[in-house]
Amino acid sequence: MDKAKPFDIPKREIWEAFKKVKANQGAAGVDGQSVADFEADLSNNLYKVWNRMSSGSYFPPPVRRVMIPKPGGSGERPLGIPTVADRVAQEVVKRYLEPILEPIFHDDSYGYRPSRSAIDAVRKARQRCWRYNWVLDIDVKGYFDSIDWGLLLKAVRKHTNCPWVLLYIERWLKAPVQMEDGSVEPRTAGTPQGGVVSPILSNLFLHYAFDLWMARTFPAIPFERYADDAICHCRSEQEARTLWEALEARFLACGLVLHPQKTKLVYCKDTNRRGDFPNQSFDFLGYTFRPRKAIWRGRQYGVSFLPAASPKALKAIRQTIRRWEVHHRSDMALEDLARMYNPYIRGWINYYGHFYKSALSWTLRRIDAFLIRWARNKFKRLRPRPKGAREWLTRVVRSNPNLFVHWGFLHVNGRTSGAV
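The notes below deal with the structure included here. Everything quoted here is computed from the prediction, not taken from an experiment.

**Things to note about the sheet that holds strand β1 (residues 63-69)**
And step 1. Read from one edge to the other, the open sheet built from four strands follows the order β2-β1-β4-β5, with strand pairing classed as mixed. A strand with exactly one partner marks an edge of an open sheet, and here the two such strands are β2 (76-81) and β5 (184-185).
And step 2. Of the strand pairs in this sheet, β1 and β2 are connected by six bridges, and their pairing is antiparallel. By the bridge assignment for β2, M67 is matched with P78.

In structure tokens form, the structure reads like this:
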């Protein structure tokens, strides 16, 4: 009976796709089914996905739309959450496409690709800002909602003629959206952020709309792109303005629009660069690039154009630390607090601790300030003695420096690197 299926999709692919979906977890879609709920009847649920995909009768349900805060509190952005079964189906198609598309993608495309990261993009941008005087900071207005389906499907067909892959990609693009009030709205363009297959499709679109066009039209201008976030390095202001004008026309032809306020020209000011220009900083992947004091070779001090955790990112971290309300958790042991919060702290250090680490230090010290308040609430002897609570924390750090992840980042030889 299986041989009568019009599409030959190995059952093993469905199983491998589920393992990836389970590892990523995520919220429930419009059916309210969590990953745990799906797994409770795993064999039956996976068979349904395989049977429908293999027979051509798989139709994706609506995507659940939720609004999530942008980093730093600068508004909200829409996120589309597919059902767990739909995420499995999308993962099957992604697993088919990735080995085909990955080898053709540009070396300076970093987003959602195996063995590449945002930190790789930031590191390369830092190096190029030292060599090139100008940056064109590109912002595509509403990129994920603007992708032209016809152009995208044309790009997919260029690399595969697999009928079930093409069929389901088209169905996912056209799947309606269920809004937060329960109403269902059709879609006519774009690919929803949050879908499993969306990142590779959006990468493919910009591969042709931007990456290859840049390599063909402006081969001397290097760039870093992470999804729709891109910066281009230019030797002169005139070269950057010429690129800007050409890029507007190129994007218009592809159905995209450069954001008129957020796209900007930036001068990479440092000690060796003369002149003064209005824009001397830009944000890229949670880092702010701007002139900063630095120690050069020979222990000389100068100003270099460097990345550090952005003010928006640091503000978001401080807001999260405040929401923890550590000082009110006096019913918990210090070791329990460490286990609870270390995953967050480790994530911040692993991401924002790569460049200009001192920018992160003051924000992480806020955790210690709350721990001091926690100690005064928990231990009666410390309540009337703020200095005693600080001394208590210093002793704890010295005796157990690895308890909280950030202590190794902030404290050296048992001493704090600054006032708490």
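What follows continues from the structure just given.
**Here we look at unusual backbone geometry**
And step 1. One non-glycine residue, Y112, lies in positive phi territory at about 55°.
And step 2. Turning to its location among the elements, Y112 is positioned in the loop between α4 (84-101) and α5 (118-131).
And step 3. The backbone of S115 sits at a positive phi, close to 65°, despite the residue not being glycine.
And step 4. Mapped onto the fold, S115 is located in the loop between α4 and α5.

**Description of the packing of aromatic side chains**
And step 1. Inspection of the entire model under this criterion finds 28 aromatic pairs.
And step 2. Ring centres of Y267 and F277 lie 4.7 Å apart, and the angle between their planes is 55°; on these two criteria the pair is classed as tilted. Here F277 lies in the loop between β8 (264-267) and β9 (282-284) and Y267 lies in strand β8, a separation of ten residues in the sequence.
And step 3. A relative accessible area of 4% means that Y267 is categorised as buried.
And step 4. The structure contains a cluster of three or more aromatic residues connected by ring pairs, namely Y287, Y351, Y352 and F355.
And step 5. The ring centre of Y110 lies 5.6 Å from the NZ or CZ of R116, which sits over that ring.
And step 6. The side chain of R171 reaches across the aromatic face of F59, ending 3.7 Å from its centre.

Quick notes on the rules
- Residues numbered from 1 in each chain as written.
- Predicted model: local features only at pLDDT ≥ 70, side-chain atom pairs only at ≥ 80, totals over all residues.
- Heavy atoms only, no water.
- Pairing = 2+ DSSP bridges.
- Helix = DSSP H or I, 4+ residues; strand = E, 2+ residues; numbered from the N terminus.
- Phe/Tyr/Trp six-rings, centres within 6.5 Å; stacked < 30°, edge-to-face > 60°.
- Buried < 20%, exposed > 50% of the residue type's maximum accessible area, 1.4 Å probe, protein only.
- Lys NZ or Arg CZ within 6 Å of the ring centre and 35° of its normal.

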